[in-house]
Amino acid sequence: MWVVAAALATESVSVGDGTIDVDGHLDEAAWQTVEPARDFLRFQPTAGGEAPGRTEVRFLQDDRYLYVGVKVYDAGYRMRARISPRELINADDQVGIYLDTFDDGISGYIFYFNPLGVQQDIRHNAGNWNVSWDTLLKSRGRVVDDGFELEIALPWRSLKFPNSHGNPQTWGVVLTRKVPHQGAKYSWPQLEVGTPRIFADANALEHVRPPRRGSGLEIQPSFTAGQSWPVEPGPIWNNLRPSLDARVGITPDLGLTATLNPDFSQVESDVSDVRVNARFAYQFPEQRPFFLDGVDWFQDRGNALYTRSINQPIYGLKLGGREGPVSVGLMHALDRSPIPTFTEGGTPG
């Protein structure tokens, strides 16, 4: 296992073999070999002013993870940090990590963490915030007397990035810190309030060396069963529902996804449908994992593809990603009972 510092607009530093134990203690020697990002400046609610105390964020990497170490100290106030369900951290102190893996200033990944390491993840593309997107990552934090320490491990296979054939890459990075009792947010570099292109002014995270290969094969089988009383007539296997989801990472970004007889019963429910102005079509957000995978390659300004019209798919296939200058987005699904798209009004699906 090797560990290399991903530099912030500086040269990378090799520290040899070692491991990073994601335990909320920045006690590994490798962390001290990296120059941290500092100088967080307020951008919300007004511009200007330094964050209370000291804020330091460092990056390391190995063949499996991109690591982030956060240290806040000399803050002079008590941290807000609660053990809560994933995503529900908006009232807590937070650190945000914005990664523009293609360094195009348009799209990227956004991760927020409270001081205990509770996670929130978002996919951002051309001003659109996809809060339903979720991925796998590790994080652990701890509150100390004058601040907190936080360790994060982002698996390479949870991110998409260019295929650089082993050559170092430069990513865009923005870091934020939220201080809830002030109603303020601070950033590095300083952001503009309400900007639709939050990655446009990102700093450079240089010498990033992700693996050359794709994420490999991922298979997720599931099986559900149900029974109602009084017992309905017919064979019991009529209430059994096996399903299968699979994804093959062909390159670090291009992937083929398939689903067979998918079960979406655990997907978050929709918000209430309150139609204030019926002249305009009502569009529900997509929250189903199969349709969210690689969602960037299936969006356009006209919202031509409304995947919620695919109601009960028997199976689905998707090919999406970017290879060099070419972006690909192909999808096919066979639906038991399609519903109208939001552009077709009340016509059959």
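Residues numbered from 1 in each chain as written. Predicted model: local features only at pLDDT ≥ 70, side-chain atom pairs only at ≥ 80, totals over all residues. Heavy atoms only, no water.

## As for the nonpolar core
Logical step 1: Residues Phe-59, Leu-99, Phe-111, Trp-171 and Leu-175 are the most contacted members of the largest nonpolar core, which totals 36 residues.
Logical step 2: Counting 11 residues, the second-largest nonpolar core is a separate cluster that includes Ile-89, Tyr-98, Ile-110 and Tyr-112. (Core = buried A, V, L, I, M, F, W, Y, C linked by side-chain atoms within 4.5 Å. Buried < 20%, exposed > 50% of the residue type's maximum accessible area, 1.4 Å probe, protein only.)

## Quick word on unusual backbone geometry
Logical step 1: Here the residue pair Gln-44 and Pro-45 is connected by a cis peptide bond, since its omega of 5 degrees sits within 30 degrees of zero.
Logical step 2: Positionally, Pro-45 belongs in the loop between β4 (41-44) and β5 (54-61).
Logical step 3: Residue Trp-188 is joined to Pro-189 through a cis peptide bond whose omega torsion reads -5 degrees.
Logical step 4: If you trace the backbone, Pro-189 turns up in the loop between β14 (184-188) and β15 (203-208).
Logical step 5: Although it is not a glycine, Asp-39 sits at a positive phi angle of roughly 60 degrees.
Logical step 6: For Asp-39, a relative accessible area of 64% corresponds to the exposed category.
Logical step 7: At Glu-87, a position not held by glycine, the phi torsion is positive, near 85 degrees. (Helix = DSSP H or I, 4+ residues; strand = E, 2+ residues; numbered from the N terminus.)

## Some thoughts on the pattern of salt bridges
Logical step 1: Counted under the stated rule, the structure contains 10 salt bridges.
Logical step 2: Across the pair Arg-82 and Asp-92 runs a salt bridge whose closest N-O atoms are separated by 2.9 Å. With Arg-82 in the loop between β6 (65-73) and β7 (94-100) and Asp-92 in the loop between β6 and β7, this pair connects stretches of sequence that are 10 residues apart.
Logical step 3: On the basis of relative accessibility, which here comes to 47%, the residue Arg-82 falls in the partly exposed class. (Salt bridge = Lys/Arg side-chain N within 4 Å of Asp/Glu carboxyl O.)

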